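# Per-entry structural report
Each chain is listed here by its residues.
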Amino acid sequence: MVDQPIVEVRDLRKTFAVKHAGGVSTLHALSGVSFEITRGETLGLVGESGSGKTTAGRILVGLIPATGGSVRLFGADITGAEGKKQLAGVRSRLQFVFQDPYASLNPRMRIGGAIAEPIDIVGTHSRKDRNDRVAELLELVGLPRNSIERYPHEFSGGQRQRIVIARALALNPEFVVCDEPVSALDVSMQAQIVNLLLDLQDRLGLSYLFIAHDLAVVRAVSTRVAVMYAGSIVETAPKAQIYSDPQHPYSRALLDAVPRADPDFVRHPVVAGEVPSLLDPPSGCSFHPRCGLAMERCRVERPLLQDSGPGRRVACHLFSR
Amino acid sequence: MSALLSIRNLTVQFRVDSGWVTAIDDVSLDVNAGDCVGVVGESGSGKSVTALSILQLHDRVTTRMPSGSILYQGHDLLRIKGSAMRRIRGSEIAMIFQDPMSSLNPVLTIADQISETLRQHQGLTGAAARKRVVELLGLVRIPDAARRADDYPHRLSGGMRQRVMIAMAIACKPRLLIADEPTTALDVTIQAQILELLRDLRRELSMSVMLISHDLGVIAEFAQRVVVMYAGRVVEDAPVAQLFRRPVHPYTMGLIAAVPRLDSDALRLTTISGRIPGPQEIIPGCRFSPRCALVQEGCLDEPPSMHPVSDGQSARCPPRILALSERHG
């Protein structure tokens with residue numbers, strides 16, 4: 001039997017109304033995003049500021065509503081007419097880990113209470129089961145048992161992210177959206193948390209949507225990678241291919257721009273220009289004003305994601321047949 | 001060749017409720033004319049404290065420097081008069097910071113803010129100042145500079161704001177530019193543009209640059225010499241190629257290994273065990289010893305000092321240096 005994807009996103013759209021002196025403008029945060037995540041897989045969603053990666057993650061866990069398109073989680077359509085009800089049915093099977101472990105924990109709540117909060121809200125555990133579960137979760141994320149009585153300020157950034165992960169796992173989710181979970185951490189701590197997420201995936205069979213701007217971190221955790229630019233996915237491919245043979249000119253520019261910890265590395269010329277305004281996106285392909293390979297067609301016609309190799313899709317007229 | 005800037009055995013302490021904590025301890029580093037020195041380290045390593053000490057931007061009441069000197073062209077910046085320091089600050093030594101938005105005044109136009117530096121240090125006003133502002137904005141490659149000069153900071157993107165900060169910093173042709181995490185808040189393609197700009201300006205204006213970063217990639221690309229800091233101390237100082245090819249201090253080795261790579265298929269990242277100590281934690285001997293895979297008995301006895309390894313490379317780890325010298329005969 002072929003596994004049904006646990007996440008199916010189809011043509012997802014999101015606009016925000018932005019008020020300013022001249023009236024109200026429409027910000028196009030997502031303009032038609034589609035992807036799937038299968039069980040046990042990690043999809044790495046990479047892009048720069050304003051690419052829409054965080055908005056996509058928030059819609060996926062029901063934090064904000066979509067403007068158009070559909071999201072199915074475990075087969076339940078959370079964007080349709082019955083969306084709220086459908087989401088409630090699958091709520092406990094998904095979780096979210098945010099970037100900032102300082103802002104994610106109540107400074108006045110002890111760690112034990114913070115980790116047990118989801119359990120207490122569901123209210124199905126006996127006192128003893130609850131406490132056993134908290135101890136088990138602490139061990140799972142590599143924190144000492146005596147952390148229960150302590151407060152968030154007693155922990156470093158890396159340890160706090162462990163606490164946040166323990167809380168996210170409290171109700172045995174199957175799918176976790178991680179939004180920049182290691183970008184606030186120092187390099188030596190970052191590696192520890194990335195390895196922890198990988199270990200937890202092996203042990204618990206989790207699926208992740210891993211949102212990050214750091215391409216090297218995404219490579220370390222992902223099975224597949226989707227590159228976003230100005231509200232759209234421009235390319236998606238199995239991880240090895242996207243790093244060795246990027247197809248979309250933006251994916252290539254993004255990889256070329258990453259500084260390498262290797263003094264002998266000779267970099268390609270830097271891509272010029274900046275990310276376009278989402279209030280007034282360019283016509284055609286949104287990357288065309290910065291693209292060295294842009295043709296007339298790129299200025300008028302928006303390229304759609306289409307198959308470009310085994311397991312690969314790219315939105316670029318250079319690959320149109 | 002004598003150094004443009006030479007920090008010797010600098011210790012900086014901050015006052016807290018319980019007394020004084022040592023933020024940096026026995027820090028020495030040199031910046032030669034035309035040199036680009038990278039200072040790399042994680043949170044609490046003391047890299048920014050070192051930079052702020054050079055320009056004396058610490059709060060006088062809550063800071064003390066019980067030992068050390070900062071020699072700039074032969075003058076000790078810790079002992080010169082306030083008026084002399086004000087002249088150096090901005091015109092001889094300039095600094096840019098991580099967050100350009102909080103460094104710019106939101107209610108003044110770009111031109112107003114750059115003119116202020118020109119008036120203070122060069123006495124330029126009116127049309128002459130205006131002309132120089134547009135020239136500077138062009139130098140940092142802001143398109144349509146004459147029109148952009150009248151914009152307020154909120155109209156500019158993060159990358160453009162950092163360009164404005166750089167324009168302001170180079171307004172008086174400083175000999176030394178201190179850049180404290182100048183690209184950390186920027187997207188990766190914009191970061192590459194800003195690093196390229198800094199590299200070109202350094203050559204065009206023949207200034208020295210001290211680049212502070214937590215990112216080994218940025219350091220590898222930009223610096224000629226690298227100073228690695230850990231928990232308030234310099235642990236290694238080496239030419240950039242040597243540092244990456246043959247790191248000596250176990251912390252440098254661990255840090256380089258922990259950087260996730262774009263070309264690696266490893267199933268797990270290499271980690272450094274344990275965590276970064278807080279400034280108030282008392283660790284006997286070498287401050288890296290609790291996390292060090294190569295720790296020996298002697299490491300806990302007394303704080304190690306910097307020892308030369310070879311050709312301009314030195315490190316604060318006598319056991320490793322001894323082992324290396326035995327291996328190479």
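Residues numbered from 1 in each chain as written. Chains lettered and ligands numbered in written order. Predicted model: local features only at pLDDT ≥ 70, side-chain atom pairs only at ≥ 80, totals over all residues.

### Here we look at the overall build of chain B
The condition that has to hold: Secondary structure elements follow DSSP: runs of H or I no shorter than four residues count as helices, runs of E no shorter than two count as strands, and numbering proceeds from the N terminus. Two things to know: the radius of gyration comes from C-alpha atoms, and the globule rule equals 2.2 Å times the number of residues to the power 0.38. Contact criterion: two residues are in contact if their C-beta atoms, reconstructed from the backbone, are within 7 Å.
When helices and strands are counted, chain B shows 12 helices and 12 strands. Its C-alpha atoms give chain B a radius of gyration of 21 Å, near enough to 20 Å, the size a compact globule of 329 residues would have. The dimensions of chain B, computed from C-alpha atoms along their principal axes, are 70 × 50 × 45 Å. At a minimum sequence separation of 6, the contacts of chain B that also span at least 24 residues come to 63%.

### Quick look at the overall build of chain A
Rules: Each residue is classed by its C-beta neighbour count within 10 Å, where at least 20 other C-beta atoms makes it buried, 12 or fewer makes it exposed, and intermediate counts make it partly exposed; the C-beta atoms are placed from backbone geometry.
Helices and strands together make up the secondary structure of chain A, namely 10 helices and 12 strands. Taking 321 residues into account, the globule formula puts the C-alpha radius of gyration at 20 Å, and chain A, at 21 Å, falls close to it. Expressed as a percentage of its 321 residues, the buried residues of chain A come to 45%. Look at the contacts in chain A between residues 6 or more apart in sequence, and 62% of them connect residues 24 or more apart.

### Describing the sheet that holds strand 4 (residues 68-73) of chain A
Residue and element names in this part refer to chain A. Operational definition: Whether two strands pair depends on DSSP finding at least two bridges between them. Only the contacting stretch of a helix is used when fitting its axis, a line to C-alpha atoms as for every element, and angles between N-to-C directions run 0 to 180 degrees.
Pairing is antiparallel in the open sheet, where 4 strands are placed in the order 2-1-4-5. Pairing within the sheet leaves two strands with one partner each, and these edge strands are strand 2 (23-37) and strand 5 (76-77). In this fold helix 1 (residues 53-60) packs onto strand 1 (7-20), strand 2 and strand 4, with an angle of close to 115 degrees to the strand it touches most, strand 1.

### Comments concerning the interface of chain A and chain B
Our working definition: By the convention adopted, Pro, Cys, Tyr, Trp, Phe, Met, Ile, Leu, Val and Ala count as nonpolar, Lys, Arg, Asp and Glu as charged, and the other residues, Gly among them, as polar.
Contacts between the two partners involve 33 residues from chain A and, on the opposite side, 37 residues from chain B. Going through the elements one at a time, helix 6 (187-204), helix 7 (215-221) and helix 9 (249-257) of chain A are the ones with two or more residues in the side of chain A that touches chain B. Ranked by residue count, the leading element in the side of chain A that touches chain B is helix 6 of chain A, at 8 residues. In terms of residue class, the side of chain A that touches chain B is built from 20 nonpolar, 7 polar and 6 charged.

### A word on the pairing of strand 9 (residues 224-229) of chain A
Residue and element names in this part refer to chain A. Counting buried positions along strand 9 yields 6 of 6 residues, so the element is predominantly enclosed. Side chains Arg224, Ala226 and Met228 of strand 9 all project onto a buried face; the interleaved residues Val225, Val227 and Tyr229 project onto the opposite face, where all are buried too. Here 6 bridges tie strand 9 to strand 10 (residues 232-238), and the two strands are oriented antiparallel to one another. Looking at the pairing, Arg224 lines up with Pro238 of strand 10. Hairpin remark: strand 9 followed by strand 10, antiparallel, with 2 residues in the connecting loop; positive phi at Ala230, about 50 degrees.

### Concerning the nonpolar core
Across soluble globular proteins, nonpolar side chains show a tendency to be buried alongside one another. Filter applied, for reference: Throughout this description, the term nonpolar core refers to a group of buried Ala, Val, Leu, Ile, Met, Phe, Trp, Tyr and Cys residues whose C-beta atoms join them within 7 Å.
Judged by nonpolar contacts, the single largest core of 187 residues is most densely connected at Val227 of chain A together with Ala167 and Met210 of chain B. Take this core: its biggest share by element is 8 residues, from helix 7 (residues 158-170) of chain B. When sequence neighbours within four positions are dropped, the list of residues in contact with Val227 of chain A reads Val46, Gly47, Ile233, Val234, Glu235, His248, Tyr250, Ser251 and Leu254 of chain A.

### As for the sheet that holds strand 1 (residues 5-16) of chain B
Residues and elements named next belong to chain B. The strand order across the open sheet built from 4 strands is 2-1-4-5, with neighbouring strands paired in antiparallel fashion. Single-partner strands in this sheet number two, and they are strand 2 (19-31) and strand 5 (75-76). Bridge analysis of strand 1 against strand 4 (residues 63-72) gives 7 bridges, and the strand direction is antiparallel. Residue pairing for strand 4: Ile7 is matched across the bridge by Ile70.

### Description of the pairing of strand 1 of chain A
Residues and elements named next belong to chain A. Two strands pair when backbone bridges link them, and strand 1 and strand 2 are joined in this way by 12 bridges, in the antiparallel orientation. The partner of Phe16 across the bridge, within strand 2, is Leu27. Counting the residues between successive antiparallel strands, the hairpin from strand 1 to strand 2 contains 2 residues. Where strand 1 lies against strand 4, 5 bridges are found, and the strand directions are antiparallel. Opposite Val7, over in strand 4, you have Leu73 as the bridge partner.

### Quick look at the packing of helix 9 of chain A against helix 8 (residues 188-204) of chain B
Spelled out, the test is: The scheme is simple: roughly parallel for angles under 35 degrees, roughly antiparallel for over 145, roughly perpendicular for 65 to 115, oblique for anything else. Left-handed describes a crossing in which the near helix is turned anticlockwise from the far one by less than a right angle; the clockwise case is right-handed.
In contact at an axis separation of 8 Å, helix 9 of chain A and helix 8 of chain B are set at 50 degrees when each is read in the N-to-C sense. Classified by the angle between their axes, helix 9 of chain A and helix 8 of chain B sit oblique to one another. Considering the relative orientation of helix 9 of chain A and helix 8 of chain B, their crossing is left-handed. Between helix 9 of chain A, through Ala253, Leu254 and Ala257 of chain A, and helix 8 of chain B, the contact on the second element is made entirely by Val188, Thr189, Gln191 and Ala192 of chain B.

### Quick look at the environment of His121 of chain B
Residue and element names in this part refer to chain B. You can see His121 is positioned in helix 4 (residues 110-122). Overall, the presence of 18 C-beta atoms within 10 Å leaves His121 in the partly exposed class. For the pair His121 and Gly90, spaced 31 residues apart in the sequence, the C-alpha separation amounts to 7.9 Å. Setting aside chain neighbours within four positions, we find His121 in contact with Gly90, Ser91 and Cys172.

### Concerning the confidence of the model for chain B
Residues and elements named next belong to chain B. To keep things clear, this is the line we draw: Residue-level confidence of the predictor is what pLDDT reports, using numbers from 0 through 100.
Per-chain confidence: chain B averages 93 in pLDDT, with 99% of residues scoring 70 or above. Per-element averaging of pLDDT across chain B places helix 3 (residues 100-103) at the bottom with 83 and strand 9 (residues 225-230) at the top with 98. As scored by the predictor, the complex reaches a pTM of 0.93 and an ipTM of 0.90.

### Points about the confidence of the model for chain A
Looking at chain A, the pLDDT average stands at 93 and 99% of residues meet or exceed 70. Ranking the elements of chain A by mean pLDDT puts helix 2 (residues 83-90) of chain A last with 91 and strand 9 of chain A first with 98.

### Side note on unusual backbone geometry
Unusually for a residue other than glycine, Asp11 of chain A sits at a positive phi of about 50 degrees. Examined against the element boundaries, Asp11 of chain A turns out to sit in strand 1. A tally of 13 C-beta atoms within 10 Å means that Asp11 of chain A is categorised as partly exposed. For Asp26 of chain B, which is not a glycine, the phi torsion comes out positive at approximately 55 degrees. Relative to the helices and strands, Asp26 of chain B is located in strand 2.

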